[in-house]
Amino acid sequence: MPAWICATCGVQYPDTAQPPAACPICEDERQYVRWGGQRWTTMAELGRDHAVVLREEEPGLTGVGVDPAFAIGQRALLVRTPGGNVLWDCISLLDEPARQQIQDAGGIDAICMSHPHFYGANVDLADAFNARILIPRADQQWIQRPSPRIELFDEEAEPVRGTTQARIGGHFDGAAVLHWPAGSDGRGALLTGDTIAVVQDRGWVSFMWSYPNLIPLDEATVRSIALRVGQFQFDRIYGGWWGRVVVKDGPDAIRRSADRYIARMHGQRPGR
Ligand SMILES: [Zn+2]
């Protein structure tokens, strides 16, 4: 039986004879059901007119996306380290050329996602590479396809030696980031999905409860996010889409962006 994939958010559900009645992730206030109504697909159907593309982002880091863009158009990131490989965020498709390329790059030891909009087909990918799946306990309710591979954690996990997946909250209670100390030529990289969103003006980021529906976060939560990532040393910030990268001075970008966001809430208009 096929495992159903929601065509709007790209999240995979269990393999059942009929698709689920609804997609709780899309029915949530932070997402939306497509205007034409709920639509389901499967990986086999998706693979007929889509392909996985892999592109080097920097040494040790490969972007993994779907072409043409599917669901929310995200690209995942394969972090390669001497202690093993982490797939950060996920996509809804795995085809044979990509499976081979990822295998040649050392496979996947752990899959971690920034939040439920990036869950994709994480169980299928974990099965293909015999990987663990790490999800913050705070988002347990959003798991749509259960698997014995899923391990829940509270605040921090170590997907492979030397990397840290940290819950920072905000967009979802379990919204998380991945700290990769060896990234950016050893200055460190922070992988954020859109838990912390790299915006068009790429020296800046933003923080939202909902991006498609433009629902902001509150001041205390934005401060808490900035504080929580302040513990990590990094330079670059990799957001969840191709090209969404703060290439340097990431901590300063988060600090400035949080200050600007909060100032706006108070009716102030700081310039840049
Ligand atoms: Zn959905």
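Chemist: Any chance you could break down the nonpolar core for me, citing the residues and the numbers?
Modeler: Grouped together as the largest cluster of nonpolar side chains are 41 residues, with contacts concentrated most on C23, L87, I108 and I111. Those elements that provide at least two residues to this core are β1 (3-6), α1 (24-27), α2 (43-49), β5 (61-67), β6 (75-81), α3 (96-104), α4 (122-129) and β9 (132-136). No other element matches the 4 residues that α4 contributes to this core. Within the second largest apolar cluster, 24 residues are counted, among which are L190, V205, I254 and A258.

Chemist: Tell me what's going on with the side chain of N85, and back it up with residues and numbers.
Modeler: Inspection of the secondary structure puts N85 in strand β7 (residues 84-88). By relative accessible area, N85 is classed as buried at 5%. Among the polar contacts listed, one links the side chain of N85 to the backbone oxygen of G107, at a separation of 3.0 Å. Once you skip the residues sitting within four places of it in the chain, N85 turns out to touch L78, V79, R80, A105, G106, G107, I108, D109, A110 and V160.

Chemist: Which residues make up empty space enclosed by the protein, and what are the values?
Modeler: Under the definition given, this model contains 3 cavities of 30 Å³ or more. Counted as a void, the largest cavity has a volume near 70 Å³. If you trace the largest cavity, you find it lined by V11, Q12, Y119, G120, A121, N122, V123, I135, I143, Q144, R145 and I150. Of the residues contributing to the lining of the largest cavity, the split by class is 7 nonpolar, 4 polar and 1 charged. Roughly 50 Å³ of internal volume is contained in the second largest cavity. If you go around the second largest cavity, the residues you meet are V66, A69, F70, A71, G73, Q74, I91 and S92. Of the residues contributing to the lining of the second largest cavity, the split by class is 5 nonpolar, 3 polar and no charged.

Chemist: Lay out the sheet that holds strand β10 (residues 150-153) with the relevant residues and their values.
Modeler: Sheet strands associate in pairs through backbone hydrogen bonding, adopting either a parallel or an antiparallel arrangement. In space, the 7 strands of this open sheet follow the order β4-β5-β6-β7-β8-β9-β10, with mixed pairing throughout. The outermost strands of the open sheet, each flanked by one partner alone, are β4 (51-58) and β10. For this sheet, the mean inter-axis angle between neighbouring strands, taken without regard to orientation, is 25°. One ladder, built from 3 bridges, connects β7 with strand β8 (residues 110-112); its direction is parallel. The residue bridging V86 from the neighbouring strand is A110, located in β8.

Chemist: Talk me through the coordination of the zinc ion; I want residue IDs and the actual numbers.
Modeler: For the zinc ion, the protein coordination sphere consists of C6 (SG), C9 (SG), C23 (SG) and C26 (SG), at 2.3 Å. In this structure, the zinc ion is surrounded by 4 donor atoms whose angles at the metal cover 105 to 116°, and the resulting shape is tetrahedral. Motif for the zinc ion, donor spacing along one chain: C-x2-C-x13-C-x2-C. A residue pair is termed long-range when its members are at least 10 positions apart, and C6 in strand β1 and C23 in the loop between β2 (12-15) and α1 qualify at 17 residues.

Cut-offs used in this document
- Residues numbered from 1 in each chain as written.
- Predicted model: local features only at pLDDT ≥ 70, side-chain atom pairs only at ≥ 80, totals over all residues.
- Heavy atoms only, no water.
- Core = buried A, V, L, I, M, F, W, Y, C linked by side-chain atoms within 4.5 Å.
- Buried < 20%, exposed > 50% of the residue type's maximum accessible area, 1.4 Å probe, protein only.
- Helix = DSSP H or I, 4+ residues; strand = E, 2+ residues; numbered from the N terminus.
- Polar contact = N/O pair within 3.5 Å; in protein donor to acceptor, adjacent residues only side chain to side chain.
- Contact = heavy atoms within 4.5 Å.
- 1 Å grid on protein atoms, 1.4 Å probe; cavity = no way out; pocket = protein on both sides within 12 Å on 5 of 7 lines; lining within 4 Å.
- Points joined across faces, edges and corners; volume = space filled by probe spheres on them.
- Nonpolar A, V, L, I, M, F, W, Y, C, P; charged D, E, K, R; others polar.
- Pairing = 2+ DSSP bridges.
- Axes fitted to C-alpha atoms, helices over the stretch in contact; angles between N-to-C directions.
- Donors = N, O, S within 2.8 Å, 3.2 Å for Na, K, Ca; no water.
- Tetrahedral: all angles 85-135°; square planar, octahedral: opposite > 155°, others 65-115°.

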